[in-house]
Amino acid sequence: MLIQTSSDVLLSIADDLLSRGDVAHASEKYYKAAEEAIKLLTINLGLKDILNTAKESGWDLATLHKAVTEICKKLNNEDIFEYWESAIVLLTVENLSLDVVKDEAENVRKLVKISDEIANRELDKRS
């Protein structure tokens, strides 16, 4: 059984917003989908130091960046940096064109896919 994560829901909302031309709100939702994917990866990969930091001081950008670094190492996948950078672009750059948002959203989709695959793998282990 495949679970639908909060990242999947946020991607769907973002896609709907983008289809209506609401680039600003779509960008925010794509970023949030990436953020949730990073959090889920951190949990499923058992990155206890990051989880402790998040518990103490919250999921600020510094903690999220540390999580991305650790996830890249743990999965031996440097592409995750690029996917996270796309999320940061969507969050921080104002007045992005529809085409740029679509391009950056593809990287967010790749990040969510990785997170979903690991979440479902972990769920299968527990079943």
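The following refers to the structure shown. (Residues numbered from 1 in each chain as written. Predicted model: local features only at pLDDT ≥ 70, side-chain atom pairs only at ≥ 80, totals over all residues. Heavy atoms only, no water.)

## Details of the overall build of the protein chain
Point 1. When helices and strands are tallied, the protein chain shows six helices and zero strands.
Point 2. Of the regular secondary structure in the protein chain, the N- to C-terminal order runs α-α-α-α-α-α.
Point 3. For 127 residues, the compact-globule estimate of 2.2 N^0.38 gives 14 Å, and the C-alpha radius of gyration of the protein chain, at 14 Å, lies within 12% of that figure.
Point 4. In terms of overall dimensions, the protein chain has C-alpha extents of about 40 × 35 × 25 Å along its principal axes.
Point 5. Here the protein chain holds 127 residues, and the buried ones make up 43% of them.
Point 6. Summarising the internal contacts of the protein chain: among those between residues at least 6 apart in sequence, 62% fall at separations of at least 24. (Helix = DSSP H or I, 4+ residues; strand = E, 2+ residues; numbered from the N terminus. Rg over C-alpha atoms; globule rule 2.2 N^0.38 Å. Buried < 20%, exposed > 50% of the residue type's maximum accessible area, 1.4 Å probe, protein only. Contact = heavy atoms within 4.5 Å.)

## Focus on the side chain of S27
Point 1. In this structure, S27 sits in helix α2 (residues 23-44).
Point 2. Excluding its chain neighbours within four sequence positions, the residues that come into contact with S27 are L90, L96 and V101.

## A look at unusual backbone geometry
Point 1. The backbone phi angle of N76 is positive, close to 50°, even though this residue is not glycine.
Point 2. Mapped onto the elements, N76 comes out in the loop between α4 (61-75) and α5 (79-92).
Point 3. A residue is classified by how much of its surface remains accessible, and N76, at 70% relative accessible area, is exposed.
Point 4. At N95, a residue that is not glycine, the phi angle is positive and equals roughly 60°.

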